[in-house]
Amino acid sequence: MTSQFHGKVALVTGAASGIGRASALAFAREGARVVVADIQVAGGEETAQMITSMGGEALFIKADISKAAEVEELIRQTVTHYGRLDFAHNNAAVEGIIAPTADYPEDDWDRTITTNLKGTWLCMKYEIRQMLQQGGGAIVNTASVVGLVGAPGLPAYCAAKGGVVQLTKAAAIEYAKAGIRINAVCPGSIYTPMLERLLAQPGVEASALATLPIGRIGTPEEVAGAVVWLCSAAASYVIGHLMVVDGGLVAQ
Ligand code: NAD
């Protein structure tokens, strides 16, 4: 444990699993008190327990990021419990189904866009209101490399992540003078339950991963390190940045 975030409060959505869990643990290791948010209760409580068992402070709050009332309540409870909100990692998302654009079912389109894009915006809306009252903060959205380049079979996911990229840049400009730094991470192929589910779908070629310049899949901790850095004082002049964490994938 270090103390660079001593006295600070971090909120991580989608923290029951994968990248969000790694990020919650990384914030705690730097001394922050962490609000673990997710729709999955067992996984969320487990992440909070992992933090407390390493000597940190954490609170699990069940919240569906696609529902405005639940997001507003999440921020309200965070501030009631810890008094402030310094860092927010808006990370929760679903991958949706795999189907080409012309065959994509409307329900799946709506669910993916509503969770990944609208949900990220709802989180930002209530986080920014709190950060404005405090005089600053840092927000990191989880976008994706497929918010920057296309991926066949994932039209809704790509569209949502492209939306998160632009939302990050628009909001970053709006609140820069207010002391709120807003950036995004764009992970490539990271070993999490989401990637496992995608690789289990017919037509998805695991062999494509072998073409990554670095020659291996990334770990959730490698993304969490970028998130923590973007929230740190070392990134004080970094605003509206899309930090690609992808083993060289989009550099090709
Ligand atoms: P994951 O499935 O392991 O974790 C996602 C978490 O989000 C889960 O705990 C899930 O319960 C939660 N969640 C889903 N819908 C929610 C909702 N409506 N409200 C609250 N919580 C909700 O996946 P992951 O790979 O850790 O993904 C984390 C983020 O990283 C996502 O934004 C994903 O799109 C992004 N990403 C992942 C990869 C990868 O290769 N794993 C690559 C690029 C981007």
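This write-up is about the structure you can find in this document. (Residues numbered from 1 in each chain as written. Predicted model: local features only at pLDDT ≥ 70, side-chain atom pairs only at ≥ 80, totals over all residues. Heavy atoms only, no water.)

**Considerations on the nonpolar core**
Then comes step 1: Phe27, Val34, Val36, Ile51 and Val185 are the most contacted members of the largest nonpolar core, which totals 34 residues.
Then comes step 2: When contributions to this core are tallied by element, the ones reaching two or more residues are β1 (9–13), α1 (18–29), β2 (33–38), α2 (41–53), β3 (58–62), β5 (137–142), α7 (220–231) and β7 (242–245).
Then comes step 3: With near-sequence residues (within four places) excluded, Val185 lies in contact with His89, Val140, Asn141, Thr142, Ala143, Ser144, Val223, Ala226, Val227, Leu230 and Met243.
Then comes step 4: Counting residues in hydrophobic clusters, the runner-up holds 27 residues, among them Ala37, Leu59, Ala92 and Met131. (Core = buried A, V, L, I, M, F, W, Y, C linked by side-chain atoms within 4.5 Å. Buried < 20%, exposed > 50% of the residue type's maximum accessible area, 1.4 Å probe, protein only. Helix = DSSP H or I, 4+ residues; strand = E, 2+ residues; numbered from the N terminus. Contact = heavy atoms within 4.5 Å.)

**Here's the deal with the pairing of β5**
Then comes step 1: Burial runs high along β5: 6 of the 6 residues are buried.
Then comes step 2: Pairing of strand β4 (residues 87–90) with β5 involves 4 bridges; the strand directions are parallel. Bridge pairing in β5 links Phe87 to Ala138.
Then comes step 3: Once you follow β4 into helix α4 (residues 106–134) and on to β5, the crossover reads as right-handed.
Then comes step 4: The parallel pair β5 and strand β6 (residues 180–187) is bridged by helix α5 (residues 155–175), and the resulting crossover is right-handed. (Pairing = 2+ DSSP bridges. Right-handed = clockwise from strand over helix to strand, strands pointing away.)

**Some thoughts on the packing of α1 against α7**
Then comes step 1: Where α1 meets α7, the axes come as close as 8 Å, and the angle between the chain directions of the two elements is 50°. Taken as axis vectors, α1 and α7 run oblique relative to one another. Handedness of the α1/α7 crossing: right-handed. Counting all contacts with α1, which are made through Gly18, Ile19, Ala22, Ser23, Ala26 and Phe27, the residues of α7 involved are Pro220, Glu221, Val223, Ala224, Val227, Val228 and Cys231.
Then comes step 2: Classifying every residue of the contact of α1 with α7 by side-chain character gives 10 nonpolar, 2 polar and 1 charged. (Axes fitted to C-alpha atoms, helices over the stretch in contact; angles between N-to-C directions. Parallel < 35°, antiparallel > 145°, perpendicular 65-115°, else oblique. Left-handed = near helix turned anticlockwise from the far one by under 90°. Nonpolar A, V, L, I, M, F, W, Y, C, P; charged D, E, K, R; others polar.)

**Looking at the state of the cysteines**
Then comes step 1: Inspection of every chain in the model, using the stated rule, returns 0 disulfides.
Then comes step 2: No disulfide involves Cys123; its sulfur sits 14 Å from that of Cys231, the nearest cysteine.
Then comes step 3: In this structure Cys186 is a free cysteine whose sulfur lies 12 Å from that of Cys158, the closest cysteine sulfur available. (Disulfide = S-S within 2.5 Å.)

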